Amino acid sequence: MVAAVACVVGADAGAQTLRLTQDDLQKRANGVLALMSYSIVPDITTSSLSIGGGGSTSGSSEFFMTQLGGGDTISKSVPLYLEGVLAGSRYDPTFVATQGTESRNIPTKWNSLSATGGIGWDFKLTDELKLRPIFNVALGNVTSDLRAASWYVGRQTGKDVTFLDRGSLNAYGLGGSLMLDYEHYRPGYEVDVELRYSDIRLKSFASSAAVQGSAIAQSANLWARYRAPTGITLLQRPLRYVLELTHSEFLGDQRGVLGFDRLTSVGAGLELDSSAYDVIITRTRLVGRYVFGNNVSGFSVGLAVSF
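The structure reproduced in this document is the subject of the present report. Because the structure is a prediction, the values reported are computed rather than measured. (Residues numbered from 1 in each chain as written. Predicted model: local features only at pLDDT ≥ 70, side-chain atom pairs only at ≥ 80, totals over all residues. Heavy atoms only, no water.)

**Digging into the overall build of the chain**
- Within the chain, the regular secondary structure consists of four helices and 15 strands.
- Looking at the chain as a whole, 43% of its 307 residues are labelled buried.
- Taking the intrachain contacts of the chain between residues at least 6 apart in sequence as the baseline, contacts between residues at least 24 apart amount to 60%.
- Working note: accessible area of the chain is about 15,300 Å², and carbon and sulfur atoms make up 59% of it. (Helix = DSSP H or I, 4+ residues; strand = E, 2+ residues; numbered from the N terminus. Buried < 20%, exposed > 50% of the residue type's maximum accessible area, 1.4 Å probe, protein only. Contact = heavy atoms within 4.5 Å. Areas by Shrake-Rupley, 256 points an atom, 1.4 Å probe, with all protein chains shown as cover.)

**Here we look at empty space enclosed by the protein**
- Going through the model one piece at a time under the given rule, you end up with three cavities of 30 Å³ or more.
- The space that makes up the largest cavity amounts to roughly 70 Å³.
- For the largest cavity, the full set of lining residues is Val 32, Leu 35, Met 36, Phe 63, Ser 89, Tyr 91, Trp 110, Ser 112 and Val 142.
- For the lining of the largest cavity, the secondary structure elements donating two or more residues are α2 (22–36), β3 (80–91) and β6 (110–121).
- Per element, the largest residue contribution to the lining of the largest cavity is three residues, and it comes from α2. (1 Å grid on protein atoms, 1.4 Å probe; cavity = no way out; pocket = protein on both sides within 12 Å on 5 of 7 lines; lining within 4 Å. Points joined across faces, edges and corners; volume = space filled by probe spheres on them.)

**As for the packing of aromatic side chains**
- Tallied over the full model, the rule gives eight aromatic pairs.
- Relative to Phe 260, the ring of Tyr 38 lies with its centre 6.1 Å away and its plane at 65°, an arrangement referred to as edge-to-face. Taken as a pair, Tyr 38 in the loop between α2 and β1 (48–52) and Phe 260 in the loop between β12 (237–250) and β13 (262–273) lie far apart in primary sequence, 222 residues in all. Judged on exposure class, the residue Tyr 38 and its partner Phe 260 are both buried.
- When the centroid spacing of 6.0 Å and the interplanar angle of 55° are considered together, the rings of Phe 250 and Phe 260 count as tilted. Remark: Phe 260 occurs in the loop between β12 and β13 and Phe 250 occurs in strand β12; sequence separation between them is 10 residues. Assigned by exposure class, Phe 250 and Phe 260 land together as buried.
- One cation-aromatic arrangement involves Arg 132 over Tyr 81; the distance from NZ or CZ to the ring centre is 4.3 Å. (Phe/Tyr/Trp six-rings, centres within 6.5 Å; stacked < 30°, edge-to-face > 60°. Lys NZ or Arg CZ within 6 Å of the ring centre and 35° of its normal.)

See below:
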């Protein structure tokens, strides 16, 4: 993908070609998949992530990611667990291409889309504790904003610009997760705690030889939520306040790629119960969160619904 960007610049400079080294291409391809690995595992700390100045990747300028997902067990009698995640990200790296003693910066913009599905089974350890192994499969695609520009350059110069063949990286991932799910529900309050370890291996396919790569999405996550009535009644049900704590440790190729090894999130919000009415949505939660880790900190607002 980045090799073809160099070809576009070369066409504009009188057929002189600036090249990137094969080692740099391989590192960038692996780096793109490492960034994608943040989006294929359900994680509150990275469900909405925007970083300016871009971490440890030399020349990077911006990274943005958003994630939408959910999961649930079908029923107590059929403890089949299903989950799914859709995510999109944008990354703006800058490459340095060389030709002899000449060098030139090549800004690029990459967009990533990914989808992850999971199927698992709940093994009841106690009345409130379940062990949940999950099989995960993921698909992802990375494209460059310069695809349209390369088509225009090819039309104007009459040259065969092959960026359309190399401007896309496809990846698949296979792996699994192991989760401990603790649910302690009482009339006056509710406690949920989940401890999850995920290991998903990403590998490119049907992509240009210049952008073949692989990455390991490996992380451990602790998530806890406490809910209790505020004393206010809305929609014939108590309005609850919500407290959350999430901590994620990134163990695979995610570790350090954006300048941090772990993220912690603390949040508070409100939950509206609409189960008294004949509607699909039974609960709606609005939670504000403060996220912090090595060299990073920020705020987010999350909206979630239960069915």
